[in-house]
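One letter stands for each residue in the lines below.
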Number of protein chains: 2
Amino acid sequence: MTVHMELSHDNHDVTGPVRAPLPTVRRLPAYLGLLRKYAVEGALTISSASIAAELGLEPIQVRKDLQITGLSGQPGVGFSVEALIDAIELFLGWDNATDAFIVGAGNLGSALAGYDGFALYGLNIVALFDNDPAKVGTEIHGRPVFHIDRLIDLAWRMHVHLGILAVSSTAAQQAADLMADAGLQAVWNFTPVQLKMTDGIIVEKVDLAASLAVLSNRLATAIKDKRGVHNADE
Amino acid sequence: MTVHMELSHDNHDVTGPVRAPLPTVRRLPAYLGLLRKYAVEGALTISSASIAAELGLEPIQVRKDLQITGLSGQPGVGFSVEALIDAIELFLGWDNATDAFIVGAGNLGSALAGYDGFALYGLNIVALFDNDPAKVGTEIHGRPVFHIDRLIDLAWRMHVHLGILAVSSTAAQQAADLMADAGLQAVWNFTPVQLKMTDGIIVEKVDLAASLAVLSNRLATAIKDKRGVHNADE
């Protein structure tokens, strides 16, 4: 129990109120992906049982999750595919594209700028920021790279609320503080640093190193076990 | 409580045994990053209290986490920085570089191939695989792109155990099955798909869409709240 609670804390260094259960919110993109596939195939309705079967979930879980959108399925018919897509997009704020800045135009920042999967999630990368003179003034995947000194000015002028933090660990807190000063309300943190932010700034962390650590440790253990078994056989 | 347990399940569609508490394993890269910084600065020892202060953790938590490496600190002195680095790298299997394939040479796969942060985590990307004739035979960030049909042959010949899955959602399960057929023992899954794998294959998921959903929903709620307050003032 303790283990799981700590894990969730690790993943979400959140400040401020949480209105919806996080696991439900985290599953919504999978529902959305499936529904979009059904819409393309011309399906008009879908049952929670079908959704459950496709995504490997329990039907009761699917019904409970989808309640959060305020939409209810009709008995014997299910949900309207289009209406459910609209309801989930509205709930996630993905009905309108959200403009975002990327802070850090290194490998990871450039990679994220070029990841066209974001468009599916209503995310529109408008610019990158860096302090490297070799990068400032260039374009990365069609997005301009500005000097980090211009972040405050441009965030206000362009009404951008979301920043993606993709700098090195050592520069992370300083860059995050600057994002707060610029009035950004949410930081998607791709660094392994546990940021200290003032209240009211939303932080969501994608910690690739932590994820890889879990995988590496389990792989190392598995390989060691196999070698052990093998040696015992010989 | 239930919420947190479900979240951890969402993040780790694991099969097989877990030996170490996941939250501890997930924190090890942060310890490692800090220790490497101290090593560069010439520090010989570090106390768990200093580590805790730097990373915003409780000292008791740090001591408990580091026990997993089998190393103990000396009272009044702390840990040897070098010894602790070695112990964590050994525990994670990051003492030797792990070769890995990337399956999917689209935007995300290319991005991951160019992310030099992986080298810090003992990960060595040796090749990419795709079925797009325009990509096969080219190089991406200096790594060759092979046709997906060659995965089984090359995995066996090159003794690669780890595959990074970066294809589209619709191609994910099929590609994962092929990775299992190729004898890969671990899949780092960057697709939003909940993979169905045979027992013994380790899967760790990085679900960017789920992470963004949490952020988007909280940002949308925050903006709505502020507008609400604002309107009430007028």
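Throughout, a residue's number is its position along its own chain's written sequence, starting from 1. Chain letters and ligand numbers both follow the written order, the letters beginning at A and the numbers at 1. The predicted origin of the model limits local features to residues at a pLDDT of at least 70 and limits the giving and counting of side-chain atom pairs to 80 or more, whereas totals for whole chains, interfaces and linings rest on all residues.

Engineer: Provide a residue-level description of the domain arrangement of chain A, including the pertinent values.
Structural biologist: The domain limits used here are those given by an automatic or database domain assignment. Here chain A is partitioned into domain 1 (2–92) and domain 2 (98–210). Its C-alpha centre places domain 1 of chain A at a distance of 28 Å from the equivalent point of domain 2 of chain A.

Engineer: Break down the relation of the copies chain B and chain A for me, citing the residues and quoting the values.
Structural biologist: When chain B is brought onto chain A, the operation consists of a screw motion whose angular component is 180° and whose axial shift is 0.0 Å, with 0.0 Å RMSD remaining. The relationship between the two copies is best expressed as a two-fold rotation axis. When C-alpha positions in chain B are compared against the rotation axis, the closest is assigned to B:A111, at 2.2 Å. Throughout, a pair of residues is in contact if the C-beta atoms placed from their backbones lie within 7 Å. With an isologous cut-off of 70% or more, the 100% of interface residues of chain B that recur at the interface of chain A puts this contact in the isologous class. All copies are superposed by least squares; the fitting set is the C-alpha atoms of residues with a pLDDT of at least 70 in both.

Engineer: Any chance you could break down the packing of helix α3 (residues 48–55) of chain A against helix α4 (residues 59–67) of chain A for me, citing the residues and the numbers?
Structural biologist: All names here are of chain A. Axis lines are fitted to C-alpha atoms, over the contacting stretch for helices. Their N-to-C directions set the angle, which ranges from 0 to 180 degrees. Starting at the N terminus, helices and strands are each numbered in turn, a helix being any DSSP run of H or I of at least four residues and a strand any DSSP run of E of at least two. At their nearest, the axes of α3 and α4 sit 8 Å apart, and the two run at 110° to each other. Here α3 is positioned roughly perpendicular relative to α4, judged by the angle of their axes. When the axes of α3 and α4 are compared, the crossing they make is right-handed. Residues S48, A49, I51 and A52 of α3 form the contact with α4, whose participating residues are P59, V62, R63 and L66. Here the residues of the contact of α3 with α4 sort into 6 nonpolar, 1 polar and 1 charged. Any angle that falls under 35 degrees is termed roughly parallel, while one over 145 is termed roughly antiparallel, one within 65 to 115 roughly perpendicular, and all others oblique. The handedness criterion is simple: a crossing whose near helix is rotated anticlockwise from the far helix by less than a right angle is left-handed, and one whose near helix is rotated clockwise is right-handed. Polarity classes work like this: nonpolar for Ala, Val, Leu, Ile, Met, Phe, Trp, Tyr, Cys and Pro, charged for Asp, Glu, Lys and Arg, and polar for all others, with Gly in that last group.

Engineer: Before we move on, can you summarise the sheet that holds strand β5 (residues 139–140) of chain B with the specific residues and values?
Structural biologist: Residues and elements named next belong to chain B. When DSSP finds two or more bridges between a pair of strands, those strands are recorded as paired. In space, the 7 strands of this open sheet follow the order β5-β6-β4-β3-β7-β8-β9, with mixed pairing throughout. Each having just a single partner strand, β5 and β9 (202–205) make up the two edges of the open sheet. Where strand β3 (residues 98–103) meets strand β4 (residues 123–130), 6 bridges bridge the pair, whose relative direction is parallel. Directly across from T98, in β4, lies its bridge partner L123. Those strands touched by helix α8 (residues 151–158) are β3, β4 and β6 (143–147), and its axis lies near 160° from that of β4. Strands in contact with helix α9 (residues 169–181) are β3, β7 (162–165) and β8 (186–189); relative to β7, the strand with the most contacts, it is inclined by about 170°.

Engineer: Go over the sheet that holds strand β4 (residues 123–130) of chain A with me, naming the residues and quoting the values.
Structural biologist: All names here are of chain A. Strand order in the open sheet formed by 7 strands is β5-β6-β4-β3-β7-β8-β9, with mixed pairing between adjacent strands. Each edge of the open sheet carries a strand with a single partner, namely β5 (139–140) and β9 (202–205). Two strands pair when backbone bridges link them, and β4 and strand β6 (residues 143–147) are joined in this way by 3 bridges, in the parallel orientation. Across the sheet, the residue bridging to L128 is V145, located in β6. Along the sheet, helix α8 (residues 151–158) contacts β3 (98–103), β4 and β6; its crossing angle with β4, the most-contacted strand, is approximately 160°. Along the sheet, helix α9 (residues 169–181) contacts β3, β7 (162–165) and β8 (186–189); its crossing angle with β7, the most-contacted strand, is approximately 170°.

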